[in-house]
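Architecture at a glance
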Protein chains: 2
Amino acid sequence: MTRLFNDPADFTEDAMAGFCDLYPHYVRAVPGGVVRSAPGRPGKVAVVVGGGSGHYPAFCGVVGPGFCDGAVVGNIFTSPSAQLAYDVAKAAHRGGGVLFSFGNYAGDNMNFGAAQERLRAEGIDCRTVVVTDDVASAPKGEESKRRGIAGDFAVFKLASAAAEEGASLDEVEQVARAANDRTRTLGIAFDGCTLPGQGHKLFTVPAGKMGLGLGIHGEPGVSDVDMPSAAEVADTLVDGVLAEAPAEAGRRAGVILNGLGATKYEELFVVWARVAERLRAAGIEAVEPEVGELVTSLDMAGISLTLVWLDEQLERYWCASVDTPAYRKRPRPAEAVSHEVEHDVVEAVEYPPAAPESVACAGTIASVLAEVQQAIVAAEDELGRIDAVAADGDHGRGMVKGATAAAEAAAAAFAAGAGAESALATAGDAWAAKAGGTSGVLWGTGLRAFAECLGNDREPSGSDIAAGVAAFAEAVQRTGGAQVGDKTMVDAIVPFAEAFDGSWRAAAEVARQAAADTAALAPKVGRARPLAERSIGTPDAGAVSFALITETIAHALED
Amino acid sequence: MTRLFNDPADFTEDAMAGFCDLYPHYVRAVPGGVVRSAPGRPGKVAVVVGGGSGHYPAFCGVVGPGFCDGAVVGNIFTSPSAQLAYDVAKAAHRGGGVLFSFGNYAGDNMNFGAAQERLRAEGIDCRTVVVTDDVASAPKGEESKRRGIAGDFAVFKLASAAAEEGASLDEVEQVARAANDRTRTLGIAFDGCTLPGQGHKLFTVPAGKMGLGLGIHGEPGVSDVDMPSAAEVADTLVDGVLAEAPAEAGRRAGVILNGLGATKYEELFVVWARVAERLRAAGIEAVEPEVGELVTSLDMAGISLTLVWLDEQLERYWCASVDTPAYRKRPRPAEAVSHEVEHDVVEAVEYPPAAPESVACAGTIASVLAEVQQAIVAAEDELGRIDAVAADGDHGRGMVKGATAAAEAAAAAFAAGAGAESALATAGDAWAAKAGGTSGVLWGTGLRAFAECLGNDREPSGSDIAAGVAAFAEAVQRTGGAQVGDKTMVDAIVPFAEAFDGSWRAAAEVARQAAADTAALAPKVGRARPLAERSIGTPDAGAVSFALITETIAHALED
């Protein structure tokens, strides 16, 4: 929801004051909106766009060299008046005429239309191209009734690049019409936004559903459907847009995957990976695609996919440089850069020679770690729940990643003839590498320290194992810097190590009790725990997972 | 919440695949993260940053010329492992050594620390500067215990610019330390984010409250306080950061007003307007400030303010050009551009000469419009509520803006000696100019048409007024294109005009009934109403407000 405002009635004016304060080198405030602070050359066609506000970067964020000459700024989701459109056009006009372009909404049509009449009456040539890219808003054959959504960006960009290059008003209008004819968008929304000062959302989408074809002001869509995976969302968008490809569609298209506000960059990238794959499979080359927030709706949750099919001229305009407050673009290097990821090089690992008894112990280590991995997988959600009381709830996931990597590494080492030390050290390194986080490095360091007590030249003795347990405890304390009582995994490790006399069972019971005591403190300490304590070790859940692992080992060794 | 994912366990890998597909001209995927696809010159110091993901553009979004050489990418909110940090550093190294920089978290310290040891053991000089900008996370005197939040961006930027300029590793490390010593951030959060695949928020802030000093992963803050106005939020941030100004603070500072994800651009601009004013009052020059999303936390709602106090050298680095996926910067023109807004020029309006009887009628018009304005203000919320059933809920606000402007314009015209036609036409123009939207232009056009029937040369007769009513109805239908039955204000206007026989009272009653009938259909038609119908006129609430206005006029004329 929109939470930051002074008098809600002045929200747009207040936002524009901040915007203009911030970008004086790009824009100049005029009655009705903004124009470039460094105007285009005399005789240049002025591209003036606009509409209601609440859609930043649309529309004032794309005023500047290579893009628009002026933007008319209405109140939130409300068409600006004819007077405002007229005022901005007059301020932006450089003697070459004015192109108005905006999304197809009744209020904008009326107000910009009246402004156009007034400009013409004064002898200023003015044309209007209305953007109609939203395929969900009217069926095929009624394209002119469709709304304008993220395709605004594409149409404005292409027309503006033509104007920047010196095209006449006739030509700029023709480019804008061609661009609109070749632009298609399908959008989905997951949740509505809240206007400044209102206590309720403008619209809502039922939990677990997504609204297909919902407009950027919450206009009705095609249907509410169950929320699918990111890949299925990508498929829906690609299928929906490709089904509406214009007659003259070629194989090259500018592409926009647009976030509406609360759907964030990482999610857009996940969807993009699939969109890119699907477009390639369809034989479409995505030309300099844009993934980000270009036409938003306050903090609405949702995304849209836009394709603008390009011919040679439109592609030059699509790729042209831009320098504006919200969107900056430079020419890309002509050299195609490889998309290929450098994959991990799997090196053939050479382990030091090992005694047969040590190799047998490596086999035991591998099978115990396999059981540990299973136990951790089973406990993942519970560990996450405990962790969330005092930290960020990711302990279960991190432990699964680490334990899985360790079990796989130990099995591979055993299969390659490694001894006990090599197998456990390799497992520890894998744990640290794959789990990341605090507990990853602690378990990795601890297991490596344990391993160094086992050797590869013998069957580890009881005292080797006791030394390993002590080394584990020491390494974790040294690396993490936590003491007993800091409410970290050390609270379970130290009593465990002190109780360890060769019997895993009894010591594991001590660890279980210590971990339970530590975890019981978490709700009391909770998130109010001082930072200094939080930063010196793993969260409380680490004690619980440590106890679970020692218990699993005890059980595995008894079988 | 994070809604778009495939297997939540693979979220970061999936996002990185999309990111690298999109920006091959900037970044190259390597094990552990990304490096520049066009590496810096041989011998350049490599600036390698990183941490858990979920903070885009931090950290992979700022890899490229002028900024970082590599970014290590951990799982969501989880430190990357030492292995990953080592791998990225190796790939980024150009022979000039490596600077690691990241926010102060236990896991990052351990993992980057282990990677640094490994690099040094191989003869690669490596230094580490940990960012500690979050003033809320530890008291003065314990600065080194503070977390790193949006100040990461400032420290990385300054160190990277030094490296780009050719500074040695010693110098780059010194710049990073100086930058961190001079960087302070205070953040607030309004609501938590949801990790991919989890059913609950990582943390919550009570409704109507804000968490002062909350960390970017929901770490505890200073306090929960009542949600204030945007200006008060700005004051809290400015006061909090200035109170922590470093000893060597001068009068020039780089400034970042950062959105955490769901707090959007328009809100940031509203807050910025006040921040800028407060900084000026404090004698601080904000050097090329940045307002936007630079260090996010998925879709967390919140903002932070960062100041980095600059000396001459640091200012050069702060202003240096950058070209990366998420952040692009060019040198600003040296000429200072005026901040001044061009205000509306209030022209002395000359009205045509008017007969005294017509001026008297203008006075009546002004006083009736004043009553209309009061009635609309009283009904604002109710009109918004009705409008929200089938449209975007802004009808009440738009009508208040329009009616207020009309009443003021009519009063001014009357005071200046205007006749009835001039006063009402001026009022209509003001309504259209200030209200915007669909109803603004319809009321403006309608009132101007009405006015033209009244003249300035006589006391308007009963037939003049009847002609005005008919002209109003005709103008609204012609401008909006709606017919009776389209469920717009026309559904009330046409019956009103047909019933009008000089008596406002009876006709207003007809309009009231027609508007009630129309509004009663709204919940049934609701948001599923076909677009074609929605686009040809004002929403249903327009009928209700029309009826309210005719009733108010009837009442006023009877008094």
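What counts, and where the lines are drawn
Residues numbered from 1 in each chain as written. Chains lettered and ligands numbered in written order. Predicted model: local features only at pLDDT ≥ 70, side-chain atom pairs only at ≥ 80, totals over all residues. Heavy atoms only, no water. Helix = DSSP H or I, 4+ residues; strand = E, 2+ residues; numbered from the N terminus. Rg over C-alpha atoms; globule rule 2.2 N^0.38 Å. Buried < 20%, exposed > 50% of the residue type's maximum accessible area, 1.4 Å probe, protein only. Contact = heavy atoms within 4.5 Å. Areas by Shrake-Rupley, 256 points an atom, 1.4 Å probe, with all protein chains shown as cover. Buried area = accessible area lost by both parts, 1.4 Å probe. Salt bridge = Lys/Arg side-chain N within 4 Å of Asp/Glu carboxyl O. Polar contact = N/O pair within 3.5 Å; in protein donor to acceptor, adjacent residues only side chain to side chain. Nonpolar A, V, L, I, M, F, W, Y, C, P; charged D, E, K, R; others polar. UniProt positions renumbered as here; feature names shortened; annotations may be inferred. Least-squares fit on C-alpha atoms with pLDDT ≥ 70 in both. Pairing = 2+ DSSP bridges. Axes fitted to C-alpha atoms, helices over the stretch in contact; angles between N-to-C directions. pLDDT = per-residue confidence, 0-100. Phe/Tyr/Trp six-rings, centres within 6.5 Å; stacked < 30°, edge-to-face > 60°. Lys NZ or Arg CZ within 6 Å of the ring centre and 35° of its normal. Expected span 1.5 Å × (residues − 1). Domains from an automatic or database assignment.

The next point concerns the overall build of chain A. Along the backbone of chain A there are 17 helices and 14 strands. Over its C-alpha trace chain A gives a radius of gyration of 31 Å, far above what one expects of a compact globule, namely 24 Å for 559 residues. C-alpha atoms of chain A, sized along the principal axes, occupy 100 × 50 × 45 Å. The buried share among the 559 residues of chain A stands at 63%. In chain A, the proportion of contacts linking residues at least 24 apart, taken out of those at least 6 apart, comes to 73%. Accessible area of chain A: about 19500 Å², with a carbon and sulfur share of 53%.

Our focus in this paragraph is the interface of chain B and chain A. Counting residues at the interface gives 120 residues for chain B, matched by 120 residues for chain A. Taken together, both faces of the contact between chain B and chain A bury some 9600 Å²; the carbon and sulfur share is 59%. With a shortest N-O distance of 2.8 Å, glutamate 293 of chain B and lysine 264 of chain A are connected by a salt bridge. Our count for the chain B to chain A interface comes out at 43 residue pairs in polar contact (both at pLDDT 80 or more). It is helix 7 (residues 265-281) of chain B that provides the largest number of residues to the side of chain B that touches chain A, a total of 10 residues. For the side of chain B that touches chain A, the class distribution of residues is 58 nonpolar, 31 polar and 31 charged.

Moving on, we get to the UniProt feature "domain: DhaK" (unreviewed entry) in chain A. On the UniProt side, "domain: DhaK" (unreviewed entry) is annotated at positions that read residues 7-327 of chain A here. As a span, residues 7-327 of chain A carries 33% helix and 25% strand, and end to end its C-alpha atoms are 29 Å apart.

With that settled, consider the relation of the copies chain B and chain A. Taken as rigid bodies, chain B and chain A are interconverted by a rotation of 180 degrees and an axial shift of 0.0 Å, the fit giving an RMSD of 0.1 Å. Both chain copies can therefore be described as sitting about a two-fold axis. In terms of C-alpha distance to the rotation axis, chain B has alanine 262 of chain B as its closest residue, with the C-alpha 2.4 Å off the axis. When the interface residues of chain B are mapped onto chain A, 99% of them are again interface residues, pointing to one common binding face.

Now for the pairing of strand 1 (residues 27-30) of chain A. Residues and elements named next belong to chain A. By the bridge criterion, 4 bridges tie strand 1 to strand 2 (residues 33-36) in an arrangement that is antiparallel. The residue of strand 2 that forms the bridge with valine 30 is glycine 33. Once strand 1 ends, the chain turns through 2 residues before running back antiparallel as strand 2, passing glycine 32 with a positive phi of about 100 degrees.

A separate point is unusual backbone geometry. Going from alanine 58 of chain A to phenylalanine 59 of chain A, the amide bond is cis rather than trans, its omega being 0 degrees. Backbone torsion omega between tyrosine 56 of chain B and proline 57 of chain B reads 10 degrees, so that peptide bond is classified as cis. Relative to the helices and strands, proline 57 of chain B resides in the loop between strand 3 (46-53) and strand 4 (70-76). We note that glutamate 288 of chain A has phi near 40 degrees; this positive angle belongs to a residue other than glycine. Within the secondary structure, glutamate 288 of chain A is located in strand 11 (residues 285-292).

Moving on to the sheet that holds strand 6 (residues 126-131) of chain A. Backbone-to-backbone hydrogen bonds join strands into a sheet, with any given pair of strands oriented parallel or antiparallel. Residues and elements named next belong to chain A. Spatially, 1-2-4-3-5-6 is the arrangement adopted by the 6 strands of the open sheet, whose pairing is mixed. Among the strands making up the open sheet, the edge pair consists of strand 1 and strand 6. Neighbour to neighbour, the strand axes of the sheet diverge by 25 degrees on average, direction disregarded. Along the sheet, helix 2 (residues 82-92) makes contact with strand 1, strand 2, strand 3 (46-53), strand 4 (70-76) and strand 5 (98-103), crossing strand 4 at roughly 160 degrees. Seen against the sheet, helix 4 (residues 151-165) touches strand 2, strand 3, strand 5 and strand 6 and runs at an angle of roughly 170 degrees to strand 5.

Right, let's get into the sheet that holds strand 7 (residues 183-191) of chain A. Residues and elements named next belong to chain A. One open sheet holds the 6 strands; their spatial order is 9-8-7-12-10-11, and the pairing between them is mixed. For this open sheet the edge positions go to strand 9 (223-226) and strand 11, each flanked by a neighbour on one side alone. Each adjacent strand pair in this sheet contributes to an overall mean axis angle of 20 degrees, direction not counted. Judged from the 2 bridges that link them, strand 7 and strand 8 (residues 209-212) form a sheet pairing that is antiparallel. Within the sheet, the bridge partner assigned to alanine 189 lies in strand 8 and is glycine 211. Packing of helix 6 (residues 230-242) onto the sheet brings it into contact with strand 7, strand 8, strand 10 (252-259) and strand 12 (301-309), and relative to strand 12 it is tilted by some 40 degrees.

The pairing of strand 2 of chain A with strand 4 of chain A spans 3 bridges and is antiparallel. The residue bridging glycine 33 of chain A from the neighbouring strand is valine 72 of chain A, located in strand 4 of chain A.

Our next topic: the confidence of the model for chain A. For chain A, per-residue confidence averages 90 on the pLDDT scale, and residues scoring 70 or more make up 94% of the total. Across residues 526-538 of chain A, where pLDDT falls below 50, the model places 46 contacts with residues more than four positions away in sequence or in other chains.

Let's shift gears to the packing of aromatic side chains. Given two aromatic rings, their pairing is described by the distance between the two centres and the angle made by the two planes. The tally for this structure, following the rule as stated, stands at 40 aromatic pairs over all chains. Ring geometry for tyrosine 56 of chain A against phenylalanine 269 of chain B: centres 4.9 Å apart, planes inclined by 80 degrees, an arrangement best described as edge-to-face. In this pair, tyrosine 56 of chain A sits in the loop between strand 3 and strand 4 while phenylalanine 269 of chain B sits in helix 7, so the two residues belong to two different chains. Here the aromatic cluster, defined as three or more aromatic residues joined through ring pairs, consists of Trp431, Trp443, Phe472, Phe496, Phe500, Trp504 and Phe546 of chain A. Arginine 118 of chain A extends its terminal NZ or CZ atom over the ring of tyrosine 86 of chain A, reaching a point 3.8 Å from the ring centre.

A separate point is the side chain of threonine 78 of chain A. Structurally, threonine 78 of chain A can be placed in the loop between strand 4 and helix 2. Once you skip the residues sitting within four places of it in the chain, threonine 78 of chain A turns out to touch Gly51 and Gly52 of chain A together with Asp394, Ala435, Gly436 and Gly437 of chain B.

Turning next to the environment of glutamate 13 of chain B. Note that glutamate 13 of chain B resides in helix 1 (residues 11-22). Considering only alpha carbons, one finds glutamate 13 of chain B and asparagine 75 of chain B, 62 residues apart in sequence, at a separation of 8.3 Å. The contact partners of glutamate 13 of chain B, leaving out residues within four places of it in the chain, are Lys401 of chain A together with Asn75 of chain B.

Residues and elements named next belong to chain B. Between its terminal C-alpha atoms helix 11 (residues 420-435) stretches 22 Å, which fits the 22 Å expected from 16 residues at 1.5 Å a residue. By the criterion of burial, helix 11 is predominantly enclosed, with 12 of the 16 residues buried. Residues of helix 11 that are buried: Ala420, Ser422, Ala423, Leu424, Ala425, Ala427, Gly428, Ala430, Trp431, Ala432, Ala433 and Ala435. Looking at the residues trailing helix 11, positive phi occurs at glycine 436, about 65 degrees.

Take the environment of tryptophan 504 of chain A next. Residues and elements named next belong to chain A. Topologically, tryptophan 504 is positioned in helix 15 (residues 504-525). Sequence separation between tryptophan 504 and leucine 268 is 236 residues, and the spatial gap between their C-alpha atoms is 48 Å. Beyond its immediate chain neighbours, meaning those up to four positions away, tryptophan 504 contacts Phe450, Ile465, Val469, Phe496, Thr550, Ile553, Ala554 and Leu557.

Once that is clear, we can look at helix 4 of chain A. Helix length check: helix 4 of chain A (15 residues) gives 21 Å between terminal C-alpha atoms against 21 Å at 1.5 Å per residue, within 8%. Burial within helix 4 of chain A is extensive, with 13 of its 15 residues counted as buried.

On to the pattern of salt bridges. All names here are of chain A. Overall, the coordinates contain 72 salt bridges over all chains when judged by the stated rule. Residue lysine 209 pairs with aspartate 226 through a salt bridge whose shortest N-O separation is 2.8 Å. A residue pair is termed long-range when its members are at least 10 positions apart, and lysine 209 in strand 8 and aspartate 226 in strand 9 qualify at 17 residues. We classify lysine 209 as partly exposed; its relative accessible area is 29%. A salt bridge links aspartate 464 to arginine 458, with the nearest nitrogen and oxygen atoms 2.8 Å apart. You can call aspartate 464 buried: its relative accessible area is 12%. Shared partners join several salt bridges into a network, and the residues in it are Asp125, Arg127, Asp170, Glu173 and Arg177.

On to the environment of valine 270 of chain A, then. Relative to the helices and strands, valine 270 of chain A resides in helix 7 (residues 265-281). What makes valine 270 of chain A buried here is its relative accessible area of 2%. Expressed as a C-alpha distance, the spacing of valine 270 of chain A and alanine 230 of chain A, which sit 40 residues apart in the sequence, is 6.8 Å. In this structure valine 270 of chain A touches Ala230 of chain A together with Leu4, Phe5, Asn6, Phe11, Asp14 and Ala15 of chain B, once residues within four positions along its chain are discounted.

Attention now moves to the domain arrangement of chain A. What the domain assignment reports for chain A is domain 1 (8-196 + 203-329) and domain 2 (356-558). Placing the centre of domain 1 of chain A and that of domain 2 of chain A at their C-alpha centroids yields a distance of 54 Å.

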